[in-house]
Amino acid sequence: MTDFSYTPILKRNEVLDYGGSLMAANPKPLSTGFESWDRACSETAECGLGDWWYVILGGASNSGKTQLLRWLARQACDQDYTPAIITMEVSAAGLQRHYYSDITSFGYYDLMPNRWMEGDTIEKVKKLANEVDVYSQRGIAEGTGILPRDILVVEAEGRPSIDEIEHEAYRLKEAGYTHIFIDHAQLIKAPQRMSISEGAEELSERMRIFAHSQKVCTVMASQLNRSASAQRHERPTMFSLWGGTAMESNSNQVCLLDHSRNERDPQRPHLLRTWLLLDKNREGPAKVEIPVEVDFKRGQWREARDDELPAWPGVK
């Protein structure tokens, strides 16, 4: 049964409560690392994602959704938030390899087992641990009360149910985690009466309620439906998400990876030039197109400069 609350918004005490709540509002939204995306967040004074927002990252298979989700979690950690990633696809060890290659002198392939066994492995282990410690402890001064940086990976063994994902989200909030990242919606175990599409829609609705009620910024990756994924030359829209209308209607923002405008650097194949499409945005302007370069070797995403745009895919 659904509970309802009643707020007579013109009553003086409600006005006072509202004004007081603004004083307690989050003064430090999560910057995405993309100036155009942050600038489209009018609700947070163009500073990034709000603490109560529910955001969907949409994309076709192998389009970079997990990498973008991981990038945003890294941004949260860099900004001294405490993010948690609920993963149903990439293992904890896989995420460790990605993050460690981002924040240490070790490259991604240096952390592969066959490469790791070359040379003095004991010294490598010590060096890796020391360099991760440096990142974790960065910015901490004695007596400030700032805790070491933390990224928690919650790895599901098998396909979790909608109830289990929801339960984990509330547990993480109680444990002090400020941002929840879920990868990805269609990997949940839907109830017998539901299709995968219906299950993803139900999970999306639950995560919207969680984010709004608990004031925990929640970002969930979602596949596109089969038709949109197959049409590699067609630009995706928020209506391409694999799920019902609630997928796009209950989110604060929908950001899509545009698979129709991908281009690898011929000299450096680890670099991908593409576009992010902020297709839905309740908190500012929508239909924002952001040219980005992805460095898969270093796990870095960056927005293209104006002088680079003539070389970007899809620019005439």
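Up top is the structure.
The model shown is predicted, which means the values in this text are computed figures rather than measured ones. (Residues numbered from 1 in each chain as written. Predicted model: local features only at pLDDT ≥ 70, side-chain atom pairs only at ≥ 80, totals over all residues. Heavy atoms only, no water.)

Notes on the pairing of strand β10 (residues 300-303)
As a reminder, the rule being used: Strands pair, by our definition, only if DSSP identifies at least two bridges between them. Each helix is a run of H or I in the DSSP string that is no shorter than four residues. Each strand is a run of E no shorter than two, and both are numbered from the N terminus.
In this structure, strand β9 (residues 288-295) lies alongside β10, joined through four bridges in antiparallel fashion. Across the sheet, V294 pairs through a bridge with W301, a residue of β10. Linkage of β9 to β10, two consecutive antiparallel strands, is achieved through a turn of four residues, within which G299 is found at a positive phi near 70 degrees.

A short note on the nonpolar core
Filter applied, for reference: In this description, a nonpolar core means a group of buried Ala, Val, Leu, Ile, Met, Phe, Trp, Tyr and Cys residues linked to one another through side-chain atoms lying within 4.5 Å. Three labels apply to residues, based on accessible area from a 1.4 Å probe with only protein chains included: buried if under 20% of the type maximum, exposed if over 50%, partly exposed otherwise in between. Only heavy atoms enter the contact rule, under which two residues are in contact if any of them lie within 4.5 Å.
Membership of the largest hydrophobic core comes to 35 residues, with the highest contact counts inside it found for I180, I182 and L203. The set of elements that each furnish at least two residues to this core consists of β1 (54-59), β2 (83-87), α7 (162-174), β4 (179-183), α8 (196-214), β6 (253-257) and β8 (271-281). Sort the elements by how many residues they give to this core and α8 lands first, with five residues. Residue contacts for I182: discarding those within four places in its chain leaves L69, I86, M88, I165, M207, T218, V219, M220 and A221. Residues C41, L49, V292 and V294 belong to the second largest nonpolar core, which totals 33 residues.

Regarding the packing of aromatic side chains
What counts, and what does not: Centre distance within 6.5 Å is the pairing criterion for rings of Phe, Tyr and Trp, where only the six-membered ring of Trp is used; planes under 30 degrees apart are then read as stacked, over 60 as edge-to-face, and the remainder as tilted.
Under the definition given, this model contains six aromatic pairs. Ring centres 6.3 Å apart and planes at 45 degrees place the aromatic pair F34 and W71 in the tilted group. Placement of F34 in the loop between α1 (12-23) and α2 (35-39) and of W71 in helix α3 (residues 65-78) is noted, with a sequence separation of 37 residues between them. Accessibility expressed as a relative area gives 0% for F34, which makes it buried. Residue classification places W71 among the buried positions, given a relative accessible area of 8%. Geometrically, the ring pair formed by F106 and W116 is tilted, given 5.5 Å between the ring centres and 45 degrees between the ring planes. Taken together, the positions of F106 in the loop between α4 (92-103) and α5 (113-116) and W116 in helix α5 put the pair ten residues apart, joining distant regions of the chain. Side by side, F106 and W116 carry an identical accessibility label, which is buried.

Some points on the environment of S91
Under the convention used in this document: Polar contacts, as used here, are pairs of N or O atoms within 3.5 Å; protein pairs need one atom able to donate a hydrogen and one able to accept it. Residues neighboring in sequence count only if both atoms are side-chain atoms.
With respect to the helices, strands and loops of the structure, S91 is situated in the loop between β2 and α4. Given the relative accessible area of 31%, S91 is considered partly exposed. Separated by 142 residues in sequence, S91 and H233 have C-alpha atoms that sit 31 Å apart. Separated by 3.0 Å, the side chain of S91 and the backbone nitrogen of G94 make a polar contact.

Section: α7
Here is the rule we go by: In this analysis, the expected span of each helix is defined as 1.5 Å times one less than the number of residues it contains. Directions from the helix axis toward the C-beta atoms define the arc.
When the terminal C-alpha atoms of α7 are compared, their 19 Å separation across 13 residues agrees well with the 18 Å that a helix rising 1.5 Å per residue should span. Regarding α7, the residues found buried are I162, I165, A169 and L172. Take α7 and look down its axis: the buried residues cluster within an arc of 95 degrees, on one side only. Turned more than 90 degrees away from the buried face of α7, the exposed residues are R171 and E174. Contacts made by the buried residues of α7 are with β2, β3 (152-155), β4 and α8. Directly beyond the C-terminal end of α7, a positive phi value near 100 degrees is found at G176.

A few points about the pairing of β6
With five of its five residues buried, β6 lies for the most part within the structure. Residue alternation in β6 divides its side chains into two sets, Q253, C255 and L257 and V254 and L256, and both sets are buried. In the sheet, β1 pairs with β6 via four bridges, with the strands oriented parallel. Paired with I56 across the two strands is V254, which belongs to β6. By the bridge criterion, five bridges tie β6 to β8 in an arrangement that is antiparallel. For C255, the partnering residue across the bridge sits in β8 and is L278.

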